[in-house]
Amino acid sequence: MAPSVLVTLLSSLVLSTLTQATPSSTTDSHPLDSRAGFLHPGLLHTEADFTRIKSKVNAKTNPWYAGWNKLVAHANSGYVPSPKPTVYRGTGSPENYASLYRDAASAYANAIYWKVTGDTAYATAAATTLDAWSSTLTLIDGSSDKFLASGIYGYQLANAAEILRGYSSWTGLAAMQSMLNKVFYPMNHDFIINHNGAKIDHYWANWDLANLCTMYAVGVLSDNATMANEAVNYFKSGAGNGAINKTIWVTYTESGSSKILGQNQEAGRDQGHAMLDFALLGVLAQQAYNQGNDLFGYLSNRILAGAEYAAKYNLGFDVPYTTYVNSDVTQATISNASRGDVRPIWELIYGHYGSLKGLNASWSKQYRDLVVSNGGGAEGGGGDYGTTSGGYDQLGFGTLLYRLEA
Ligand SMILES: *[C@@H]1O[C@H](CO)[C@@H](O)[C@H](O)[C@H]1NC(C)=O
Ligand SMILES: *[C@@H]1O[C@H](CO)[C@@H](O)[C@H](O)[C@H]1NC(C)=O
Ligand SMILES: *[C@@H]1O[C@H](CO)[C@@H](O)[C@H](O)[C@H]1NC(C)=O
Ligand SMILES: *[C@@H]1O[C@H](CO)[C@@H](O)[C@H](O)[C@H]1NC(C)=O
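As annotated in an unreviewed UniProt entry, the protein chain is Alginate lyase domain-containing protein from Hypocrea atroviridis.

Okay, here's the thing in structure tokens:
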């Protein structure tokens, strides 16, 4: 038996014990979908998660309540979407992709607001936004950056739709599934195979990872196991930098502890992109975990090793570094560009590894605390971290959505 198979078996054993005891268990609270075996809602959040979130919000308990107020600031039942037939990113006129990321963030916030409060005005607003896009968008174009758009915004729309599918008056699910299958998935598939015609090691890990997040999300939203498996198989053994042992490609034992630290493929580039890798790894692994597939645990918790390394360095500590070489660059030192980058991604990572699994994720916890404190008591969401694309790379609101322990 290959070591990786053994790791998978071991982690699924761990998973099956844990899911019986934890509040985010998905195994007994809602039915299996009979077509593909997927649980719904089952991307970033399950029904059990929403039960926990609702009880924290109703009790006005912090830090969840502070997180709720972050979301409330973005929920808007009067939101007017700006759908486009063609979205351009990188080149094209007008370069209009901000409309897509703003609208996806709005639909997600409104869908969560409805799910937590039951106020159908917000479900209607989310539906209006999702339906506007599913009935309008036919093409994503631009420079190579169009493949960032196909990766980053598809999973965001799919997550809003996955929550809203529980709203019985929403009739737009099939249209959203269809649009995501026609416009986003073919680009996700094309990119991870052909990489826009470039050498296999040319594109930084986040490009593959974003397209895997959307591929997996569209698979679950559409009850298409073939598609979800394609993403998982690539994460485990793909040829490009989004395969986990290429994204986090060297490991070290931390001096003075037995902790494993993992150097990520973008560490020598800049820390903003290094952090984006963990935003996307978190999304992919959380979506799969909620379907009973534990990518967090894969390769001996490799994502945790990478998160701990990135958090430690960005907190201002030294980490070991191995020269990174690909077809385009040789990077002999870790990059301090944008060191200390703040993104709302650490609640998800610490919530899973530290709180749920009880593993030592102390650097991630410190980073989470820094981001939470920077946000005045909670992680914010789309729009709270700048108006340009980086502020919308992740959906955020992690304190509200992923925190398991005060
Ligand atoms: C599921 O996705 C695959 C691509 O991964 C596609 O070939 C197939 O047609 C899809 N199945 C359905 C029922 O849409
Ligand atoms: C990464 O994983 C793949 C698939 O398991 C394997 O074939 C490959 O040798 C691994 N590469 C490294 C550098 O460990
Ligand atoms: C950042 O890295 C460069 C190049 O290694 C170095 O010259 C510079 O001193 C570093 N700056 C800080 C603030 O660490
Ligand atoms: C967790 O790891 C850090 C080093 O990264 C170490 O200092 C700390 O003592 C560990 N915590 C526990 C509870 O083992």
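From this point, the narrative continues.
Undergrad: Teacher, can you tell me more about the overall build of the protein chain here?
TA: Summing up its helical and strand segments, the protein chain has 15 helices and six strands in all. Compactness check: the protein chain gives a C-alpha radius of gyration of 20 Å against a globular reference of 22 Å for 406 residues, within 12% of the reference. Once local pairs closer than 6 in sequence are excluded, the contacts in the protein chain between residues at least 24 apart make up 73%. Approximately 14600 Å² of the protein chain is accessible, and the part contributed by carbon and sulfur atoms is 51%. Taken as two groups, the 26 positive and 31 negative side-chain charges of the protein chain have centres that lie 3 Å from each other.

Undergrad: Even after reading the chapter, I still don't get the pattern of salt bridges, so can you show me in this structure?
TA: Any two side chains of opposite charge can pair, on the condition that their charged atoms come close. For the structure shown, the criterion picks out 14 salt bridges. Among the ionic pairs, E308 bridges to K259, the shortest N-O distance being 2.6 Å. Residue E308 is found in helix α12 (residues 298-314), and its partner K259 is found in the loop between β3 (248-253) and β4 (260-264); the two are separated by 49 residues along the sequence. Given the relative accessible area of 11%, K259 is considered buried. In this structure, the salt-bridge partner of K357 is D294, at a minimum N-O distance of 2.9 Å. Here D294 lies in the loop between α11 (271-289) and α12 and K357 lies in the loop between α13 (346-356) and α14 (362-374), a separation of 63 residues in the sequence. In this structure K357 comes out as buried when scored by relative accessible area, which is 17%. Look at the salt bridges and you will find they share partners, linking E347, R368, D369 and R403 into a network.

Undergrad: Sorry if this is basic, but what is going on with helix α6 (residues 146-164) here?
TA: Residues spaced three or four apart along an α-helix point in a common direction, a consequence of the helix completing one turn every 3.6 residues. A rise of 1.5 Å per residue sets the reference length of α6, with its 19 residues, at 27 Å; its end C-alpha atoms lie 27 Å apart and thus fit the reference within 8%. The axis of α6 is deflected most strongly, by about 25°, at Y153. Where burial is concerned, most of α6 is hidden: 18 out of the 19 residues are buried.

Undergrad: How should the packing of aromatic side chains be read in this particular structure?
TA: Two aromatic rings are characterised by how far apart their centres lie and by the angle between their planes. Applying the stated criterion across every chain yields a total of 19 aromatic pairs. Here W68 and Y113 contribute two aromatic rings whose centre-to-centre distance is 5.2 Å and whose plane-to-plane angle is 20°, an arrangement assigned as stacked. One end of the pair, W68, is in helix α3 (residues 64-72); the other, Y113, is in helix α4 (residues 97-117), with 45 residues separating them in the sequence. Arranged with centres 5.7 Å apart and planes meeting at 45°, the rings of Y101 and Y153 form a pair that is tilted. Taken together, the positions of Y101 in helix α4 and Y153 in helix α6 put the pair 52 residues apart, joining distant regions of the chain. Neither Y101 nor Y153 differs from the other in exposure class; each is buried. Through pairs of rings, three or more aromatic residues link up here, namely Y97, Y101, Y153 and Y392. Just above the ring of W64 sits the side chain of K56; from NZ or CZ to the centre is 4.2 Å. R339 extends its terminal NZ or CZ atom over the ring of Y313, reaching a point 3.6 Å from the ring centre.

Undergrad: Just checking my understanding: could you explain the site of ligand 1 for this structure?
TA: The local shell around ligand 1 consists of Y185, N224, T226, M227 and E230. Within the side chain of Y185, a nitrogen or oxygen atom sits 3.1 Å from an oxygen atom of ligand 1. Isolated, ligand 1 exposes 360 Å² of accessible area, and the fraction of that covered by the protein chains is 39%. With three residues, the single largest contributor to the shell around ligand 1 is helix α9 (residues 225-237). A breakdown of the residues in the shell around ligand 1 according to their chemical character gives two nonpolar, two polar and one charged.

Undergrad: How should I be thinking about unusual backbone geometry in this particular structure?
TA: One can expect most non-glycine residues to show negative phi and most peptide bonds to be in trans. Cis geometry marks the peptide bond from H40 to P41; its omega dihedral reads -5°. Mapped onto the secondary structure, P41 falls in the loop between α1 (3-21) and α2 (47-58). Phi at H195 takes a positive value of approximately 50°, unusual for a residue other than glycine.

Undergrad: Help me out: how do you make sense of the packing of helix α8 (residues 205-221) against α9 in this one?
TA: The description of two packed helices rests on the angle between their axes and on the distance between the axes. Remark: α8 packs on α9, axes separated minimally by 7 Å, with the N-to-C direction vectors making an angle of 150°. Comparing their axes, α9 and α8 come out roughly antiparallel. Remark: the crossing between α8 and α9 carries left-handed chirality. Seen from α8, the contacting residues are D208, L212, M215, Y216, V218 and G219; seen from α9, they are M227, A228, E230, A231, V232, Y234 and F235. Of the residues in the contact of α8 with α9, the class split is ten nonpolar, one polar and two charged.

Undergrad: Whenever I open this one, the nonpolar core confuses me. Can you help?
TA: Nonpolar side chains tend to gather and get buried jointly when the protein is soluble and globular. The biggest cluster of nonpolar side chains holds 125 residues, and the ones touching the most others in it are Y108 and F184. With 14 residues, the single largest contributor to this core is α4. Once residues lying within four places of it in the same chain are set aside, the contact partners of Y108 are L44, H45, N159, A160, I163, L395, G396, F397, L401 and Y402.

Undergrad: Help me understand the packing of helix α7 (residues 173-194) against α8, please; the structure alone is not making it clear to me.
TA: Here α7 crosses α8 at 145°, and the two axes come no closer than 9 Å. Crossing of α7 over α8 shows left-handed handedness. Here L173, M176, Q177, L180, N181, F184, Y185, M187, N188, H189, F191 and I192 of α7 come into contact with α8, specifically with W207, D208, N211, L212, T214, M215, V218 and L221. Tallied by class, residues from the contact of α7 with α8 come to 13 nonpolar, six polar and one charged.

Cut-offs and rules
Residues numbered from 1 in each chain as written. Chains lettered and ligands numbered in written order. Predicted model: local features only at pLDDT ≥ 70, side-chain atom pairs only at ≥ 80, totals over all residues. Heavy atoms only, no water. Helix = DSSP H or I, 4+ residues; strand = E, 2+ residues; numbered from the N terminus. Rg over C-alpha atoms; globule rule 2.2 N^0.38 Å. Contact = heavy atoms within 4.5 Å. Areas by Shrake-Rupley, 256 points an atom, 1.4 Å probe, with all protein chains shown as cover. Lys, Arg positive; Asp, Glu negative; His and termini not counted. Charge placed at Lys NZ, Arg CZ, Asp CG, Glu CD. Salt bridge = Lys/Arg side-chain N within 4 Å of Asp/Glu carboxyl O. Buried < 20%, exposed > 50% of the residue type's maximum accessible area, 1.4 Å probe, protein only. Expected span 1.5 Å × (residues − 1). Bend = angle between axes of the 7 residues up to and from the residue. Phe/Tyr/Trp six-rings, centres within 6.5 Å; stacked < 30°, edge-to-face > 60°. Lys NZ or Arg CZ within 6 Å of the ring centre and 35° of its normal. Near = heavy atom within 4 Å. Polar contact = N/O pair within 3.5 Å; in protein donor to acceptor, adjacent residues only side chain to side chain. Nonpolar A, V, L, I, M, F, W, Y, C, P; charged D, E, K, R; others polar. Axes fitted to C-alpha atoms, helices over the stretch in contact; angles between N-to-C directions. Parallel < 35°, antiparallel > 145°, perpendicular 65-115°, else oblique. Left-handed = near helix turned anticlockwise from the far one by under 90°. Core = buried A, V, L, I, M, F, W, Y, C linked by side-chain atoms within 4.5 Å.

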